[in-house]
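Here are the chains, one letter per residue:
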Amino acid sequence: MTDFRIETKCIQSGYEPGNGEPRVLPIYQSTTFRYTSSEQMGRLFDLEESGYFYTRLQNPTNDAVAAKICDLEGGAAAMLTSSGQAASFYSIMNLAQAGDHIICSSALYGGTYNLYAHTLKKMGVEATFVDPDCTEEELNNAFRENTKVVFGETIANPALVVLDLEKFAAAAHKHGVPFIVDNTFATPINCRPIEWGADIVIHSTTKYMDGHASCVGGAIVDSGNFDWEAHKEKFPGLTTPDETYHGIVYTQKFGKLAYITKATAQLMRDLGSIQSPQNAFLLNLGLETLHLRMARHCENALAVAEYLKNHEKVAWVSCPSLPGDKYYDLAQKYMPGGSCGVITFGLKGGRAAAVEMMDKLKLVAIVTHVADARSCVLHPASHTHRQMNEQELMEAGVQPDLIRFSVGIENINDIIADVRQALL
Ligand SMILES: *Cc1c(COP(=O)(O)O)cnc(C)c1O
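Residues numbered from 1 in each chain as written. Predicted model: local features only at pLDDT ≥ 70, side-chain atom pairs only at ≥ 80, totals over all residues. Heavy atoms only, no water.

Draft legend 1. The arrangement of the overall build of the protein in detail. Of regular secondary structure, the protein possesses 17 helices and twelve strands. The C-alpha radius of gyration of the protein comes to 22 Å, within 12% of the 22 Å expected for a compact globule of 424 residues. In terms of overall dimensions, the protein has a C-alpha envelope of 75 × 55 × 35 Å along the principal axes. With 424 residues in all, the protein has 57% of them scored as buried. Summarising the internal contacts of the protein: among those between residues at least 6 apart in sequence, 72% fall at separations of at least 24. When the accessible surface of the protein is split by element, carbon and sulfur atoms take 51% of a total near 17600 Å². One finds the centroid of the 35 positive side-chain charges in the protein at a distance of 4 Å from the centroid of its 49 negative side-chain charges. (Helix = DSSP H or I, 4+ residues; strand = E, 2+ residues; numbered from the N terminus. Rg over C-alpha atoms; globule rule 2.2 N^0.38 Å. Buried < 20%, exposed > 50% of the residue type's maximum accessible area, 1.4 Å probe, protein only. Contact = heavy atoms within 4.5 Å. Areas by Shrake-Rupley, 256 points an atom, 1.4 Å probe, with all protein chains shown as cover. Lys, Arg positive; Asp, Glu negative; His and termini not counted. Charge placed at Lys NZ, Arg CZ, Asp CG, Glu CD.)

Spelled out as C-alpha coordinates, the structure:
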(Lines give C-alpha, C1' and ligand atoms only; values in the text may rest on other atoms or scores of the structure.)
Protein backbone atom coordinates (compact mmCIF):
# COMPACT_ATOMS: atom_id res chain seq x y z
CA MET A 1 0.00 0.00 0.00
CA THR A 2 3.06 2.25 -0.06
CA ASP A 3 1.88 4.19 -3.13
CA PHE A 4 -1.41 5.25 -1.62
CA ARG A 5 -2.09 8.40 0.35
CA ILE A 6 -2.47 8.19 4.11
CA GLU A 7 -6.30 8.38 4.11
CA THR A 8 -6.43 5.35 1.83
CA LYS A 9 -3.90 3.50 3.98
CA CYS A 10 -6.04 4.10 7.10
CA ILE A 11 -8.81 2.13 5.45
CA GLN A 12 -7.09 -0.38 3.19
CA SER A 13 -3.65 -1.27 4.56
CA GLY A 14 -2.77 -4.44 6.42
CA TYR A 15 -5.47 -6.76 5.15
CA GLU A 16 -6.21 -7.79 1.59
CA PRO A 17 -8.76 -10.60 1.32
CA GLY A 18 -8.36 -13.24 -1.35
CA ASN A 19 -11.18 -14.38 -3.59
CA GLY A 20 -14.26 -15.33 -1.55
CA GLU A 21 -12.64 -14.37 1.77
CA PRO A 22 -14.22 -12.03 4.36
CA ARG A 23 -14.18 -8.39 3.23
CA VAL A 24 -13.53 -7.21 6.79
CA LEU A 25 -10.51 -8.35 8.82
CA PRO A 26 -11.65 -11.44 10.79
CA ILE A 27 -11.00 -11.82 14.52
CA TYR A 28 -8.82 -14.89 14.91
CA GLN A 29 -10.03 -15.59 18.43
CA SER A 30 -7.82 -18.64 18.79
CA THR A 31 -4.90 -19.23 21.10
CA THR A 32 -3.40 -21.82 18.86
CA PHE A 33 -3.03 -23.07 15.27
CA ARG A 34 -3.12 -26.58 13.87
CA TYR A 35 -0.37 -28.31 11.88
CA THR A 36 -0.31 -31.68 10.14
CA SER A 37 3.44 -32.13 10.38
CA SER A 38 5.40 -32.24 13.60
CA GLU A 39 8.53 -31.29 11.72
CA GLN A 40 6.97 -28.09 10.40
CA MET A 41 5.91 -27.12 13.92
CA GLY A 42 9.53 -27.64 14.99
CA ARG A 43 10.76 -25.30 12.27
CA LEU A 44 8.32 -22.63 13.48
CA PHE A 45 9.75 -22.94 17.00
CA ASP A 46 13.27 -22.51 15.61
CA LEU A 47 12.24 -19.37 13.66
CA GLU A 48 13.31 -21.32 10.56
CA GLU A 49 9.92 -20.78 8.99
CA SER A 50 7.33 -18.08 9.59
CA GLY A 51 3.81 -19.02 10.60
CA TYR A 52 1.37 -18.98 13.45
CA PHE A 53 1.43 -21.45 16.29
CA TYR A 54 0.56 -19.63 19.49
CA THR A 55 -1.14 -16.23 19.89
CA ARG A 56 1.31 -15.02 22.55
CA LEU A 57 3.86 -14.86 19.73
CA GLN A 58 1.76 -13.94 16.73
CA ASN A 59 -1.86 -13.81 15.65
CA PRO A 60 -3.19 -13.01 12.15
CA THR A 61 -5.63 -10.30 13.35
CA ASN A 62 -2.91 -8.56 15.36
CA ASP A 63 -0.41 -8.86 12.52
CA ALA A 64 -2.79 -7.24 10.03
CA VAL A 65 -3.40 -4.28 12.34
CA ALA A 66 0.34 -3.98 13.08
CA ALA A 67 0.98 -3.99 9.32
CA LYS A 68 -1.50 -1.13 8.88
CA ILE A 69 0.18 0.95 11.60
CA CYS A 70 3.56 0.09 10.07
CA ASP A 71 2.38 1.37 6.70
CA LEU A 72 0.93 4.55 8.22
CA GLU A 73 4.28 5.35 9.87
CA GLY A 74 6.33 4.33 6.84
CA GLY A 75 8.14 1.57 8.76
CA ALA A 76 9.63 -1.81 7.84
CA ALA A 77 8.08 -3.96 10.60
CA ALA A 78 5.70 -3.54 13.53
CA MET A 79 4.09 -5.35 16.43
CA LEU A 80 1.16 -4.72 18.74
CA THR A 81 1.41 -4.77 22.52
CA SER A 82 -1.17 -4.92 25.30
CA SER A 83 -0.74 -1.25 26.19
CA GLY A 84 1.30 1.83 25.44
CA GLN A 85 3.26 1.15 28.62
CA ALA A 86 4.25 -2.29 27.30
CA ALA A 87 5.35 -0.67 24.02
CA SER A 88 7.52 1.88 25.90
CA PHE A 89 9.03 -0.87 28.04
CA TYR A 90 9.72 -3.30 25.19
CA SER A 91 11.13 -0.61 22.90
CA ILE A 92 13.91 0.03 25.44
CA MET A 93 14.42 -3.47 26.85
CA ASN A 94 14.90 -4.84 23.34
CA LEU A 95 18.16 -2.84 23.27
CA ALA A 96 19.26 -2.15 26.84
CA GLN A 97 20.07 -4.34 29.82
CA ALA A 98 21.37 -3.95 33.37
CA GLY A 99 24.37 -1.62 33.30
CA ASP A 100 23.10 0.40 30.34
CA HIS A 101 21.95 3.99 30.11
CA ILE A 102 19.27 5.84 28.16
CA ILE A 103 18.61 9.52 27.42
CA CYS A 104 15.04 10.85 27.48
CA SER A 105 13.40 14.16 26.94
CA SER A 106 12.11 15.27 30.36
CA ALA A 107 8.72 16.21 28.85
CA LEU A 108 7.11 12.79 29.04
CA TYR A 109 3.85 11.08 29.80
CA GLY A 110 3.70 10.45 33.59
CA GLY A 111 3.55 6.67 33.18
CA THR A 112 6.60 6.67 30.93
CA TYR A 113 8.48 8.84 33.41
CA ASN A 114 7.76 6.45 36.27
CA LEU A 115 8.72 3.46 34.14
CA TYR A 116 12.03 4.93 32.96
CA ALA A 117 13.03 6.84 36.10
CA HIS A 118 12.09 4.23 38.70
CA THR A 119 11.18 0.78 37.38
CA LEU A 120 13.98 0.58 34.79
CA LYS A 121 16.40 1.80 37.45
CA LYS A 122 15.49 -1.19 39.64
CA MET A 123 16.31 -3.36 36.62
CA GLY A 124 19.73 -1.70 36.29
CA VAL A 125 19.01 0.66 33.39
CA GLU A 126 19.64 4.29 34.26
CA ALA A 127 17.92 7.23 32.56
CA THR A 128 19.12 10.80 32.14
CA PHE A 129 16.32 13.29 31.52
CA VAL A 130 17.23 16.27 29.37
CA ASP A 131 15.30 19.47 28.79
CA PRO A 132 13.70 19.06 25.33
CA ASP A 133 14.65 22.67 24.55
CA CYS A 134 18.33 22.12 25.46
CA THR A 135 21.15 23.10 23.14
CA GLU A 136 22.89 20.54 20.94
CA GLU A 137 25.89 20.78 23.23
CA GLU A 138 23.84 20.01 26.34
CA LEU A 139 22.28 17.07 24.58
CA ASN A 140 25.64 15.74 23.42
CA ASN A 141 27.00 16.04 26.97
CA ALA A 142 24.33 13.66 28.26
CA PHE A 143 25.80 10.69 26.36
CA ARG A 144 27.89 8.06 28.10
CA GLU A 145 29.87 5.04 26.95
CA ASN A 146 26.92 2.80 27.83
CA THR A 147 24.10 4.93 26.32
CA LYS A 148 21.87 2.75 24.13
CA VAL A 149 18.85 4.85 23.23
CA VAL A 150 17.51 8.40 22.93
CA PHE A 151 13.79 8.72 23.62
CA GLY A 152 11.18 11.48 23.34
CA GLU A 153 7.53 12.25 22.55
CA THR A 154 6.56 14.06 19.34
CA ILE A 155 4.08 16.15 21.36
CA ALA A 156 4.56 15.55 25.08
CA ASN A 157 1.56 14.52 27.19
CA PRO A 158 0.56 16.77 28.93
CA ALA A 159 3.25 19.45 28.55
CA LEU A 160 2.50 19.86 24.80
CA VAL A 161 6.17 20.38 24.09
CA VAL A 162 6.86 19.74 20.41
CA LEU A 163 10.14 17.86 20.22
CA ASP A 164 12.80 19.08 17.79
CA LEU A 165 12.98 15.68 16.13
CA GLU A 166 15.93 16.52 13.87
CA LYS A 167 18.01 17.80 16.79
CA PHE A 168 17.42 14.63 18.83
CA ALA A 169 17.91 12.31 15.84
CA ALA A 170 21.20 13.98 14.92
CA ALA A 171 22.57 13.65 18.47
CA ALA A 172 21.50 9.99 18.71
CA HIS A 173 23.07 9.10 15.37
CA LYS A 174 26.25 10.99 16.12
CA HIS A 175 26.68 8.68 19.13
CA GLY A 176 25.69 5.52 17.26
CA VAL A 177 22.37 4.86 19.00
CA PRO A 178 18.78 4.80 17.75
CA PHE A 179 16.20 7.51 18.38
CA ILE A 180 12.84 6.21 19.66
CA VAL A 181 9.80 8.47 19.40
CA ASP A 182 6.43 8.10 21.10
CA ASN A 183 4.09 9.45 18.41
CA THR A 184 0.85 8.89 20.33
CA PHE A 185 -0.42 12.49 20.30
CA ALA A 186 0.46 13.55 16.76
CA THR A 187 -0.41 10.21 15.14
CA PRO A 188 1.01 9.45 11.67
CA ILE A 189 -1.76 11.62 10.23
CA ASN A 190 -0.06 14.76 11.52
CA CYS A 191 3.58 13.68 11.80
CA ARG A 192 5.66 10.73 10.65
CA PRO A 193 8.80 10.83 12.84
CA ILE A 194 10.67 8.32 10.64
CA GLU A 195 10.76 11.00 7.92
CA TRP A 196 12.61 13.23 10.41
CA GLY A 197 15.19 10.66 11.52
CA ALA A 198 13.42 8.54 14.14
CA ASP A 199 14.49 4.90 14.02
CA ILE A 200 11.68 3.40 16.06
CA VAL A 201 8.20 4.80 16.69
CA ILE A 202 5.91 3.66 19.46
CA HIS A 203 2.27 4.32 20.24
CA SER A 204 -0.29 4.09 22.94
CA THR A 205 -3.02 2.99 20.51
CA THR A 206 -5.39 3.57 23.44
CA LYS A 207 -5.54 7.23 22.41
CA TYR A 208 -6.40 8.61 18.94
CA MET A 209 -5.74 5.38 17.06
CA ASP A 210 -8.54 3.55 18.84
CA GLY A 211 -10.17 6.91 19.37
CA HIS A 212 -13.32 5.65 21.07
CA ALA A 213 -11.92 4.92 24.54
CA SER A 214 -12.73 1.24 24.12
CA CYS A 215 -9.37 -0.61 24.18
CA VAL A 216 -6.03 -0.22 25.89
CA GLY A 217 -3.24 -1.10 23.45
CA GLY A 218 0.18 -0.24 22.08
CA ALA A 219 2.35 -0.62 19.01
CA ILE A 220 6.04 -0.56 18.09
CA VAL A 221 7.17 0.29 14.56
CA ASP A 222 10.76 -0.15 13.37
CA SER A 223 11.90 1.96 10.42
CA GLY A 224 14.49 -0.68 9.52
CA ASN A 225 16.93 2.22 9.03
CA PHE A 226 19.26 1.82 12.00
CA ASP A 227 22.45 -0.05 11.14
CA TRP A 228 22.88 -2.33 14.17
CA GLU A 229 25.86 -4.10 12.60
CA ALA A 230 27.74 -0.79 12.30
CA HIS A 231 27.49 -0.49 16.12
CA LYS A 232 27.82 -4.19 16.85
CA GLU A 233 29.49 -3.81 20.24
CA LYS A 234 26.59 -1.70 21.58
CA PHE A 235 23.82 -4.08 20.56
CA PRO A 236 25.00 -7.65 21.20
CA GLY A 237 21.41 -8.81 21.61
CA LEU A 238 20.81 -8.18 17.93
CA THR A 239 24.25 -8.89 16.51
CA THR A 240 25.46 -11.98 18.40
CA PRO A 241 23.95 -15.50 18.63
CA ASP A 242 20.73 -16.02 20.59
CA GLU A 243 21.23 -19.32 22.40
CA THR A 244 17.48 -19.67 22.99
CA TYR A 245 17.06 -20.04 19.20
CA HIS A 246 20.02 -22.34 18.41
CA GLY A 247 22.39 -19.43 18.01
CA ILE A 248 20.64 -17.39 15.31
CA VAL A 249 21.86 -13.82 14.89
CA TYR A 250 18.87 -11.51 14.38
CA THR A 251 20.60 -8.97 12.15
CA GLN A 252 22.05 -11.69 9.91
CA LYS A 253 18.90 -13.75 9.60
CA PHE A 254 16.23 -11.04 9.55
CA GLY A 255 17.91 -7.89 8.21
CA LYS A 256 15.47 -4.96 8.49
CA LEU A 257 13.09 -7.14 10.51
CA ALA A 258 15.73 -7.89 13.19
CA TYR A 259 14.50 -5.51 15.90
CA ILE A 260 10.82 -6.49 15.74
CA THR A 261 11.63 -10.20 15.35
CA LYS A 262 13.79 -10.09 18.47
CA ALA A 263 11.12 -8.16 20.41
CA THR A 264 8.53 -10.78 19.43
CA ALA A 265 10.70 -13.87 19.79
CA GLN A 266 12.26 -12.90 23.14
CA LEU A 267 10.27 -10.22 24.92
CA MET A 268 6.78 -11.26 23.88
CA ARG A 269 7.66 -14.91 24.42
CA ASP A 270 8.98 -14.23 27.92
CA LEU A 271 6.87 -11.29 29.14
CA GLY A 272 3.68 -11.92 27.18
CA SER A 273 2.13 -8.44 26.94
CA ILE A 274 0.01 -9.24 23.91
CA GLN A 275 -2.96 -7.34 22.61
CA SER A 276 -6.08 -9.48 22.41
CA PRO A 277 -7.28 -10.11 18.84
CA GLN A 278 -10.68 -8.71 19.86
CA ASN A 279 -9.05 -5.42 20.85
CA ALA A 280 -6.94 -5.39 17.69
CA PHE A 281 -10.14 -5.71 15.67
CA LEU A 282 -11.65 -2.68 17.45
CA LEU A 283 -8.39 -0.76 17.05
CA ASN A 284 -8.58 -1.45 13.33
CA LEU A 285 -12.06 0.07 13.16
CA GLY A 286 -10.70 3.15 14.89
CA LEU A 287 -7.82 3.39 12.44
CA GLU A 288 -10.23 3.42 9.51
CA THR A 289 -11.48 6.89 10.53
CA LEU A 290 -8.27 8.23 12.11
CA HIS A 291 -7.71 10.79 9.33
CA LEU A 292 -11.25 12.20 9.63
CA ARG A 293 -11.20 12.32 13.42
CA MET A 294 -7.75 13.91 13.71
CA ALA A 295 -8.77 16.76 11.40
CA ARG A 296 -11.86 17.49 13.52
CA HIS A 297 -10.01 17.08 16.85
CA CYS A 298 -7.39 19.61 15.70
CA GLU A 299 -9.96 22.06 14.33
CA ASN A 300 -12.04 21.94 17.54
CA ALA A 301 -8.97 22.19 19.79
CA LEU A 302 -7.74 25.29 18.00
CA ALA A 303 -11.19 26.90 18.32
CA VAL A 304 -11.34 26.18 22.08
CA ALA A 305 -7.77 27.46 22.51
CA GLU A 306 -8.68 30.71 20.74
CA TYR A 307 -11.78 31.10 22.91
CA LEU A 308 -9.81 30.53 26.12
CA LYS A 309 -7.00 32.85 25.06
CA ASN A 310 -9.48 35.73 24.86
CA HIS A 311 -11.27 34.90 28.13
CA GLU A 312 -10.67 37.28 31.02
CA LYS A 313 -10.39 34.51 33.64
CA VAL A 314 -7.77 32.54 31.72
CA ALA A 315 -4.12 33.13 32.62
CA TRP A 316 -2.49 31.14 29.83
CA VAL A 317 -3.26 28.64 27.05
CA SER A 318 -0.99 26.14 25.38
CA CYS A 319 -1.78 24.68 21.96
CA PRO A 320 1.13 24.10 19.58
CA SER A 321 -0.95 25.11 16.54
CA LEU A 322 -2.04 28.43 18.09
CA PRO A 323 -0.03 31.38 16.70
CA GLY A 324 2.15 32.78 19.48
CA ASP A 325 2.53 29.41 21.25
CA LYS A 326 6.06 28.65 22.43
CA TYR A 327 6.11 25.58 20.15
CA TYR A 328 4.26 27.13 17.19
CA ASP A 329 7.32 27.19 14.91
CA LEU A 330 8.31 23.60 15.66
CA ALA A 331 4.70 22.51 15.17
CA GLN A 332 4.58 24.32 11.81
CA LYS A 333 7.76 22.51 10.80
CA TYR A 334 6.92 18.98 11.93
CA MET A 335 3.10 18.97 11.79
CA PRO A 336 1.89 21.78 9.56
CA GLY A 337 -1.50 20.13 9.02
CA GLY A 338 -2.36 20.13 12.75
CA SER A 339 -0.88 18.99 16.07
CA CYS A 340 -3.42 17.19 18.28
CA GLY A 341 -6.75 17.69 20.02
CA VAL A 342 -5.25 18.17 23.46
CA ILE A 343 -4.68 21.66 24.82
CA THR A 344 -3.75 22.90 28.28
CA PHE A 345 -4.56 26.08 30.15
CA GLY A 346 -4.42 27.71 33.54
CA LEU A 347 -6.84 30.08 35.25
CA LYS A 348 -5.95 33.35 36.96
CA GLY A 349 -7.40 31.86 40.15
CA GLY A 350 -4.76 29.08 40.06
CA ARG A 351 -5.13 25.54 41.30
CA ALA A 352 -8.32 26.14 43.31
CA ALA A 353 -10.08 27.84 40.38
CA ALA A 354 -9.04 24.96 38.10
CA VAL A 355 -10.71 22.39 40.34
CA GLU A 356 -13.84 24.55 40.68
CA MET A 357 -14.19 25.07 36.93
CA MET A 358 -13.71 21.37 36.18
CA ASP A 359 -16.47 20.47 38.61
CA LYS A 360 -18.86 22.87 36.82
CA LEU A 361 -18.43 21.34 33.38
CA LYS A 362 -21.45 19.32 32.19
CA LEU A 363 -20.78 18.03 28.66
CA VAL A 364 -17.04 17.86 29.19
CA ALA A 365 -16.31 15.09 31.71
CA ILE A 366 -13.52 14.60 34.24
CA VAL A 367 -11.85 11.49 32.93
CA THR A 368 -8.38 9.94 33.16
CA HIS A 369 -8.06 9.76 29.44
CA VAL A 370 -7.23 11.83 26.42
CA ALA A 371 -7.67 11.57 22.73
CA ASP A 372 -11.03 9.96 22.30
CA ALA A 373 -14.17 11.22 20.61
CA ARG A 374 -15.61 12.70 23.83
CA SER A 375 -14.32 15.95 25.30
CA CYS A 376 -12.75 15.52 28.72
CA VAL A 377 -10.55 17.31 31.24
CA LEU A 378 -8.01 16.29 33.85
CA HIS A 379 -5.86 18.05 36.42
CA PRO A 380 -2.48 16.27 36.08
CA ALA A 381 -1.03 17.58 39.37
CA SER A 382 -3.92 15.92 41.26
CA HIS A 383 -4.31 12.91 38.96
CA THR A 384 -1.83 11.39 36.45
CA HIS A 385 1.27 13.14 37.82
CA ARG A 386 0.39 13.12 41.53
CA GLN A 387 3.48 11.00 42.39
CA MET A 388 5.74 13.85 41.28
CA ASN A 389 7.05 16.56 43.57
CA GLU A 390 6.88 20.25 42.56
CA GLN A 391 10.32 20.20 40.95
CA GLU A 392 9.63 17.05 38.96
CA LEU A 393 6.33 18.57 37.85
CA MET A 394 8.04 21.70 36.57
CA GLU A 395 10.73 19.64 34.78
CA ALA A 396 7.99 17.63 33.07
CA GLY A 397 6.41 20.93 31.99
CA VAL A 398 3.36 20.45 34.22
CA GLN A 399 2.46 23.59 36.15
CA PRO A 400 0.37 22.92 39.30
CA ASP A 401 -2.57 24.92 37.87
CA LEU A 402 -2.51 23.14 34.49
CA ILE A 403 -5.82 21.77 33.20
CA ARG A 404 -5.48 19.25 30.39
CA PHE A 405 -8.40 19.53 27.99
CA SER A 406 -8.81 16.76 25.43
CA VAL A 407 -11.10 18.35 22.89
CA GLY A 408 -13.44 15.85 21.32
CA ILE A 409 -15.29 15.78 18.03
CA GLU A 410 -18.67 16.99 19.28
CA ASN A 411 -20.12 20.18 17.75
CA ILE A 412 -17.72 23.01 18.57
CA ASN A 413 -20.54 25.37 19.66
CA ASP A 414 -21.69 22.87 22.30
CA ILE A 415 -18.14 22.43 23.62
CA ILE A 416 -17.55 26.19 23.87
CA ALA A 417 -20.96 26.77 25.48
CA ASP A 418 -20.04 24.29 28.22
CA VAL A 419 -16.68 25.97 28.81
CA ARG A 420 -18.38 29.40 28.87
CA GLN A 421 -20.88 28.39 31.58
CA ALA A 422 -18.18 26.69 33.67
CA LEU A 423 -16.13 29.89 33.67
CA LEU A 424 -19.04 32.13 34.77
C1 LIG B 1 -1.29 7.06 27.44
C2 LIG B 1 0.08 7.21 26.98
C3 LIG B 1 1.03 6.19 27.15
C4 LIG B 1 0.70 4.91 27.89
O5 LIG B 1 -0.21 4.16 27.16
P6 LIG B 1 -1.26 3.12 27.81
O7 LIG B 1 -1.93 2.60 26.58
O8 LIG B 1 -2.16 3.89 28.71
O9 LIG B 1 -0.47 2.09 28.52
C10 LIG B 1 2.29 6.37 26.64
N11 LIG B 1 2.62 7.51 26.01
C12 LIG B 1 1.75 8.52 25.83
C13 LIG B 1 2.18 9.76 25.12
C14 LIG B 1 0.45 8.41 26.31
O15 LIG B 1 -0.41 9.42 26.14
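Draft legend 2. Region of the structure containing helix H4 (residues 84-93). Counting buried positions over the ten residues of H4 gives nine, a clear majority of the element. Inspection of H4 places Gly84, Ala86, Ala87, Ser88, Phe89, Tyr90, Ser91, Ile92 and Met93 among the buried residues, and these make up the whole buried set. Sitting at the head of H4, Ser83 places a side-chain oxygen 3.4 Å from the backbone nitrogen of Gln85. (Polar contact = N/O pair within 3.5 Å; in protein donor to acceptor, adjacent residues only side chain to side chain.)

Draft legend 3. Inspection of the site of the ligand at higher detail. Neighbouring the ligand are 15 residues, the closest being Gly84, Asp182, Ser204, Thr206 and Lys207. Note that an oxygen atom of the ligand is positioned 2.9 Å from one of the side-chain N or O atoms of Asn157. One nitrogen or oxygen atom from the side chain of Ser204 is found 2.8 Å from an oxygen atom belonging to the ligand. Relative to its unbound accessible surface of 380 Å², the ligand loses 92% to contact with the protein. Here the residues of the shell around the ligand sort into three nonpolar, nine polar and three charged. (Near = heavy atom within 4 Å. Nonpolar A, V, L, I, M, F, W, Y, C, P; charged D, E, K, R; others polar.)

Draft legend 4. The arrangement of the packing of helix H3 (residues 60-73) against helix H12 (residues 277-288) in detail. Packing of H3 against H12 brings their axes to within 8 Å, and their N-to-C directions diverge by 30°. Remark: the crossing between H3 and H12 carries left-handed chirality. On H12, the residues that touch Thr61, Asn62, Val65, Lys68, Ile69 and Leu72 of H3 are Pro277, Ala280, Phe281, Leu283, Asn284, Leu287 and Glu288. (Axes fitted to C-alpha atoms, helices over the stretch in contact; angles between N-to-C directions. Left-handed = near helix turned anticlockwise from the far one by under 90°.)

Draft legend 5. Inspection of the layout of surface pockets at higher detail. Volume-wise, the largest pocket comes out at about 770 Å³. Taken together, 34 residues form the lining of the largest pocket, with Leu57, Gln58, Asp63, Thr261 and Thr264 sitting closest to its centre. Broken down by secondary-structure element, the contributors of at least two residues to the lining of the largest pocket are helix H2 (38-45), H3, strand S1 (77-81) and helix H11 (258-271). Its residues assigned to classes, the lining of the largest pocket shows 20 nonpolar, nine polar and five charged. Of the voids in this model, the second largest pocket is the one considered here, and its volume is about 430 Å³. Forming the boundary of the second largest pocket are 24 residues, of which Ala159, Val161, Lys326, Tyr327 and Gly397 lie nearest the centre. Every element with two or more residues in the lining of the second largest pocket is listed here: strand S3 (126-130), strand S8 (314-318) and helix H16 (390-395). For the lining of the second largest pocket, the leading source of residues is S8, giving three residues. Looking at the lining of the second largest pocket residue by residue, the class counts come to 14 nonpolar, five polar and five charged. (1 Å grid on protein atoms, 1.4 Å probe; cavity = no way out; pocket = protein on both sides within 12 Å on 5 of 7 lines; lining within 4 Å. Points joined across faces, edges and corners; volume = space filled by probe spheres on them.)

Interpretation note: all reported values are geometric properties and have no functional meaning in isolation.
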